[in-house]
Amino acid sequence: MAWFRRGSKPGRPAGRPVDRADLEYLAEFVRSRRGVEAFIEPRTTVTETTVLLVAHDGEWTRRRTESPEIARRWAHGLSVPIYDIALLGYPQRMRDYNERQKRQS
């Protein structure tokens, strides 16, 4: 049955192609903040593979990507360290940032 197929071809990523605007947004985040690290969030049944960027103060953003390999190439091209979130978990500074944002609201 083909009900749940996403129309992907063998050997190609199943998600939609990444929009250049997304990549430029991520690059601008890296350029405008200090100590940015990238984390690959794996694809789930609900979301596609994403790249999470976390700055030194915990500010973060995420955008989807076609595959972990593309995310790694992108990060290496900008000299940003990149990690697998499934192995390391979310950084404490990101959780602290989220908590500060909640208190300010």
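No experiment lies behind these values; they were computed from the predicted model shown.

Engineer: Explain the pairing of strand S2 (residues 50-54) to me, and be specific about the residues and the numbers.
Structural biologist: Across the 5 residues that make up S2, a large majority, 5, are buried. Burial along S2 is two-sided: Thr50, Leu52 and Val54 and Val51 and Leu53, pointing in opposite directions, are all buried. Bridge count for S2 against strand S3 (residues 60-64) is 5 bridges, and the pairing is antiparallel. From the neighbouring strand, Val54 faces S3, where its bridge partner is Trp60.

Engineer: Give a detailed account of the sheet that holds strand S4 (residues 82-84), specifying residues and quantitative values.
Structural biologist: Think of a sheet as strands paired side by side through backbone hydrogen bonds, with each pair either parallel or antiparallel. Strand order in this open sheet of 4 strands is S3-S2-S1-S4, and the pairing throughout is mixed. If you trace the sheet from one side to the other, it starts and ends with S3 and S4, each paired once. Neighbouring strand axes in the sheet, compared pairwise and without regard to direction, differ in orientation by 25° on average. Here helix H1 (residues 20-32) sits on the sheet and contacts S2 and S3; the angle it forms with S3, its principal contact strand, is near 160°.

Engineer: Requested: an account of the confidence of the model for the protein, with residues and values cited.
Structural biologist: Taken over all residues, the pLDDT of the protein has a mean of 88, while the share at 70 or more is 85%. Low pLDDT, under 50, characterises residues 1-13; the predicted model gives this stretch 6 contacts beyond four residues in sequence or across chains.

How each quantity is defined
- Residues numbered from 1 in each chain as written.
- Predicted model: local features only at pLDDT ≥ 70, side-chain atom pairs only at ≥ 80, totals over all residues.
- Heavy atoms only, no water.
- Buried < 20%, exposed > 50% of the residue type's maximum accessible area, 1.4 Å probe, protein only.
- Helix = DSSP H or I, 4+ residues; strand = E, 2+ residues; numbered from the N terminus.
- Pairing = 2+ DSSP bridges.
- Axes fitted to C-alpha atoms, helices over the stretch in contact; angles between N-to-C directions.
- Contact = heavy atoms within 4.5 Å.
- pLDDT = per-residue confidence, 0-100.

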